[in-house]
Amino acid sequence: MANEYKQTMNLPKTGFPMRAGLSKSEPKRLKDWQGNKVYEQVLKKNEGHKKFVLHDGPPYANGPIHIGHAMNKISKDIINRYQAMQGYETPYVPGWDCHGQPIEHKVEEKLGTAKFNETPVAKIRELCNEFAVENIELQKAGFRRLGVLGDWDNPYLTLYHQHDAADIEVFKAMFDRGMIYRGHKPVHWCKHCHTALAEAEIEYSDETSPSIFVRFELTSKPAGLEGFDGPVDFIIWTTTPWTIPSDQAVSLKPGEKYVAVEHDGRAEIMLEKLAPSCCEQFGWEYTPVQIDGADYVVDAEVFYHLHYKQPVFDGIEGVALLADYVGTEDGTGIVHNSPGHGADDYYVCVKEGMDICMPVDDDGKFYVGDEFGCGGPFSGMDTDEANPHIIEFLRERGTLVMEKKITHSYPHCWRCKHPVLFRATDQWFVSMDKTGLREIAADQIKNHVKWYPAHAANRIGAMVEQRPDWCISRQRNWGVPIPSYTCADCGEKVMNDDTLDAVIKLFHEKGSDAWFTDEPASYLGDACVCPKCGGHHLKTDRDILDVWWDSGVSWKAVCEYRDELQYPADVYLEGSDQHRGWFQSSLLTSVGANDIAPYKAVVSQGFTLDGKGRKMSKSLGNVIDPNKVCDEMGADIIRLWVSSVDTSSDVSIDHEILARTSDAYRRFRNTYRFLLSELEGQFDPEHDRVAFDELMPLDKLMVARLTQVQAEVDDAYASYEFPRAYRALYDFVVTELSNVYLDALKDRLYCEKLGSLKRRSAQTVLAELLSMLLRDMQPILAYTTDEVMAYAPAGIVDNQKYAALLDWYKSPITFEEANEFEGILEASLELRSVVTKALEEARAAGTFTKSQQVKVKATVPAEMYELLCGDKAVDLAEFYIVSAVELTSGDELTATIEPADGECCDRCWNYRTDVATYGAHEHVCARCAAALGE
Ligand SMILES: [Zn+2]
Ligand SMILES: [Zn+2]
Ligand SMILES: [Zn+2]
């Protein structure tokens with residue numbers, strides 16, 4: 001009998017598969033998107049609307065994509081897909097950073113250094129170009145596979161002619177405003193990469209260095225020690241012994257007291273408060289020199305401008321200076337100055353009007369020669385190689401007091417990870433202050449750009465506040481040249497508006513390669529003249545621009561030059577390391593040329609770490625390869641992971657986290673499947689939809705609830721807080737839909753007559769849910785939502801085929817209207833939790849097996865009673881899936897379980913008092929009899 005009735009029920013059915021099989025289905029779907037130009041269709045849909053431009057920060061084109069890349073590109077895609085659904089025209093032009101040392105280094109490795117060094121620049125550049133383009137194709141395929149929509153066939157490359165020209169156009173704009181100058185300054189220098197490095201290219205990490213204490217013998221006696229018989233020494237300390245050959249001065253801390261300690265008949269000068277501990281380390285007795293019965297303790301100022309013997313070069317003297325940077329916690333309170341190799345040293349000595357000595361070449365080797373300014377005994381040695389030799393030299397001279405090893409934070413090259421040097425060399429700089437660049441940039445950061453998270457403004461603000469002038473020249477081959485010439489006749493540097501205009505024209509036509517191949521006379525025309533001597537023999541200089549300049553001017557080369565984009569862009573999104581890199585170089589070049597920031601908003605993201613919070617590395621075996629995850633689990637799993645983590649700080653990923661993400665994915669997928677199984681082929685919104693006012697009370701409640709969730713999701717996307725959208729949707733799907741509401745609806749969906757108001761009311765809500773979940777998840781589950789489209793009734797997918805083409809979800813009621821249901825929603829859920837607890841206890845006691853077998857008697861407080869019985873009252877028995885709920889008003893909130901009245905209907909298995917024989921239908925409830933058509 002029961003079996004017969006089963007056939008009369010409306011059981012769920014859909015072609016949407018339970019098993020996802022994403023790794024197989026996604027590549028086919030992607031091919032379809034490409035074949036049918038879905039990206040172009042999205043643009044077309046919103047053509048002529050207001051634009052929303054997310055300008056892509058170009059990844060470096062070396063090597064395959066990693067999980068950090070994946071997070072970056074997926075985040076951008078989420079934003080673009082969301083904004084496109086809002087109706088904005090969302091052109092997205094992906095880019096690649098193609099110039100720079102890492103690629104040149106790869107080419108050098110491939111050729112071998114000897115062959116590399118004899119290869120013409122033009123050939124090296126050709127090889128670098130090839131390498132970059134190969135890698136771009138590799139990365140492009142990876143990004144597309146992740147489901148990222150964009151103009152992949154027309155990306156921007158920083159090696160395009162137009163980009164080369166834009167480099168110089170921006171350079172010229174800033175040059176004309178007086179911001180660019182050539183100066184002699186200590187800059188970070190990587191001897192491994194043979195180039196100057198910007199502050200942004202420096203990383204600090206621990207390094208073990210030799211720390212030495214050395215005697216510098218004074219050539220005259222300081223005031224008060226005239227009567228002392230033996231020699232007088234400064235005891236200096238340094239952690240870079242190789243800078244001793246270029247020593248030019250020592251610095252003492254002004255305002256501090258210095259003591260002379262007597263040792264071996266010598267007077268050794270040290271900071272008074274450090275002297276006892278120093279003596280202990282040296283194995284000396286602490287015996288201050290006695291002058292007139294008192295310790296010789298004097299102000300640092302006493303030593304100012306006294307001279308001492310240069311520790312390596314005989315006949316040369318150094319000078320004692322005063323400097324605030326001298327530390328009083330470590331060492332002896334006296335530091336040696338090598339102004340060619342230290343920023344602090346440099347500024348102190350320049351202030352004194354001294355000439356700067358810098359004896360180290362581009363490779364980090366001492367110049368060969370016996371005189372001061374060369375390596376002397378260490379000629380030709382590498383600086384690291386020289387360290388032990390210099391220590392040994394000092395030991396033999398008897399001036400080494402002590403040597404030990406210390407571990408300290410030391411600057412390293414961002415690219416090759418080797419420790420860097422300071423070298424004072426001739427370089428090109430952008431002045432931060434001469435024309436107010438720093439001030440305007442700081443104002444833009446603070447008052448004109450929105451930062452996500454908000455505290456990022458302080459981070460980049462502080463960096464711009466403190467940064468030194470920007471050193472923009474590099475001594476490499478693979479980049480855009482700094483367009484300066486040297487007069488072959490008189491040595492004058494030549495650069496002016498005429499030469500710059502000619503170079504811009506040249507680069508537009510032939511790209512920057514022409515700099516290395518074409519004779520200046522061939523393109524400079526009348527501009528090929530030295531303003532100093534009138535000669536016409538100009539030679540191209542060899543410095544290239546910092547690669548950060550290249551990517552930094554993309555606001556010009558891309559946003560301004562490409563018609564579909566706009567400048568300033570709406571948003572830039574990159575990793576937080578770009579506060580020192582691209583965010584900053586873009587800001588400085590844009591403010592430098594136009595006084596405005598190139599972006600209206602900036603989203604910064606943390607790094608991707610493994611599940612234990614460690615960096616990923618091959619040696620740790622904790623690398624998550626996005627290509628592999630796509631092949632094994634599907635891109636939608638990575639996308640869902642990206643949406644679920646708080647990218648405003650560092651995020652974690654490992655196989656366990658991906659497995660959890662995969663579970664979450666299944667919850668979403670099952671929900672889609674449930675919704676489709678009640679709608680596919682059975683619900684035509686145009687004919688079957690029930691107006692909000694006609695909906696069953698429980699269904700109204702659900703629409704109110706989804707309207708609230710929708711508002712939260714909308715707000716989260718708009719403020720780039722994807723995990724808030726994810727969390728709202730996940731909780732809604734799992735704790736509200738799956739566990740509560742969808743279960744409660746099954747009775748109506750399965751048992752009510754097809755086409756009846758009660759059933760259509762339920763389906764109407766399911767249609768709203770599907771419509772909402774499709775759109776809200778489309779930015780994240782790009783592939784899966786697209787798969788759902790094929791099974792969803794045409795009326796709820798805007799008659800579109802592709803999910804990317806949907807417009808944003810709009811609830812049938814407003815947020816304010818939804819909030820009117822807050823009271824009944826809370827009351828019915830609060831009572832539900834009490835009922836659920838009572839049911840669990842009764843079930844555990846064996847009172848019943850199915851909740852339909854019982855009725856609930858509940859006492860609820862008066863206020864709640866009014867809500868539950870008021871004008872928005874819902875059918876609580878249906879909601880809680882019991883046979884009946886009897887409410888009384890009382891003081892407390894309690895629920896008791898009793899056996900249901902009546903008998904079990906053979907068809908719907910509900911206990912009803914009206915179960916009887918209706919015509920041909922035996923032992924069914926009146927509702928079922930009606931559904932059966934009697
Ligand atoms: Zn390096
Ligand atoms: Zn000249
Ligand atoms: Zn029934």
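Above this text is the structure in question.
Note that the structure is a prediction, hence the values are computed from the model and not measured. (Residues numbered from 1 in each chain as written. Chains lettered and ligands numbered in written order. Predicted model: local features only at pLDDT ≥ 70, side-chain atom pairs only at ≥ 80, totals over all residues. Heavy atoms only, no water.)

### Re the overall build of the chain
Along its length, the chain carries 32 helices and 36 strands. Compactness check: the chain gives a C-alpha radius of gyration of 38 Å against a globular reference of 30 Å for 934 residues, more than 25% above the reference. On the principal axes, the C-alpha backbone points of the chain span a range of 130 × 80 × 45 Å. Taken together, the 97 basic and 147 acidic charged side chains of the chain have centroids lying 6 Å from each other. (Helix = DSSP H or I, 4+ residues; strand = E, 2+ residues; numbered from the N terminus. Rg over C-alpha atoms; globule rule 2.2 N^0.38 Å. Lys, Arg positive; Asp, Glu negative; His and termini not counted. Charge placed at Lys NZ, Arg CZ, Asp CG, Glu CD.)

### Considerations on the pairing of strand β10 (residues 266-271)
Of all the six residues making up β10, five are buried; the element is thus mostly covered by neighbouring parts of the structure. Across three bridges, strand β7 (residues 232-238) lies against β10 in parallel orientation. When the bridges of β10 are listed, Phe-234 appears paired with Ile-269. The sheet contact formed by strand β9 (residues 257-263) and β10 spans six bridges and is antiparallel. From the neighbouring strand, Glu-262 faces β10, where its bridge partner is Ala-267. (Buried < 20%, exposed > 50% of the residue type's maximum accessible area, 1.4 Å probe, protein only. Pairing = 2+ DSSP bridges.)

### Things to note about the coordination of the zinc ion (ligand 1)
The coordination sphere of the zinc ion (ligand 1) contains the protein donors Cys-190 (SG), Cys-193 (SG), Cys-413 (SG) and Cys-416 (SG), at a distance range of 2.2 to 2.4 Å. Classification of the site at the zinc ion (ligand 1) rests on its four donor atoms, whose angles at the metal span 101 to 117°, yielding the label tetrahedral. (Donors = N, O, S within 2.8 Å, 3.2 Å for Na, K, Ca; no water. Tetrahedral: all angles 85-135°; square planar, octahedral: opposite > 155°, others 65-115°.)

### Topic: the coordination of the zinc ion (ligand 2)
Ideal donor angles around a metal are set by the shape: a four-donor tetrahedron calls for 109.5 degrees, a six-donor octahedron for 90 or 180 degrees. In this structure, Cys-487 (SG), Cys-490 (SG), Cys-530 (SG) and Cys-533 (SG) serve as the protein donors to the zinc ion (ligand 2), at separations of 2.2 to 2.4 Å. One can describe the site at the zinc ion (ligand 2) as tetrahedral: its four donor atoms subtend angles covering 102 to 115° at the metal. In the primary sequence, the donor residues of the zinc ion (ligand 2) line up as C-x2-C-x39-C-x2-C. Here the residue Cys-487 occupies a position in strand β22 (residues 485-487), and Cys-533 occupies one in the loop between α16 (520-524) and β24 (538-540), the gap between them amounting to 46 residues. Residue classification places Cys-533 among the partly exposed residues on the basis of a relative accessible area of 38%.

### Some remarks on empty space enclosed by the protein
The final tally for this structure, using the stated rule, is five cavities of 30 Å³ or more. There is about 160 Å³ of room inside the largest cavity. Along its surface, the largest cavity is lined by 20 residues, and Gly-100, Gln-101, Glu-201, Arg-474 and Val-547 are the ones closest to its centre. Only α5 (101-111), β5 (195-197), β25 (544-545) and α17 (547-552) provide two or more residues apiece to the lining of the largest cavity. Class assignment of the residues belonging to the lining of the largest cavity gives a composition of nine nonpolar, five polar and six charged. (1 Å grid on protein atoms, 1.4 Å probe; cavity = no way out; pocket = protein on both sides within 12 Å on 5 of 7 lines; lining within 4 Å. Points joined across faces, edges and corners; volume = space filled by probe spheres on them. Nonpolar A, V, L, I, M, F, W, Y, C, P; charged D, E, K, R; others polar.)

### Points about unusual backbone geometry
Here the residue pair Tyr-452 and Pro-453 is connected by a cis peptide bond, since its omega of -10° sits within 30 degrees of zero. Relative to the helices and strands, Pro-453 resides in the loop between β19 (450-452) and α13 (456-466). The omega angle of the peptide bond from Tyr-567 to Pro-568 is -5°, so this bond is cis rather than trans. Take Pro-568: it is sitting in the loop between α18 (554-560) and β26 (569-575). Its identity as a non-glycine residue notwithstanding, His-305 has a phi of 70°, on the positive side. Relative to the elements of secondary structure, His-305 occurs in the loop between β13 (297-299) and β14 (307-309). Within the chain, His-923 stands out as a residue other than glycine whose phi angle is a positive 55°.

### Re the side chain of Thr-499
Residue position: Thr-499 is located in helix α14 (residues 497-510). The class for Thr-499 is buried, based on a relative accessible area of 0%. Excluding residues within four positions of it along the chain, Thr-499 makes contact with Tyr-485, Val-494, Leu-524 and Ala-527. (Contact = heavy atoms within 4.5 Å.)

Nothing here speaks to function; it is geometry throughout.
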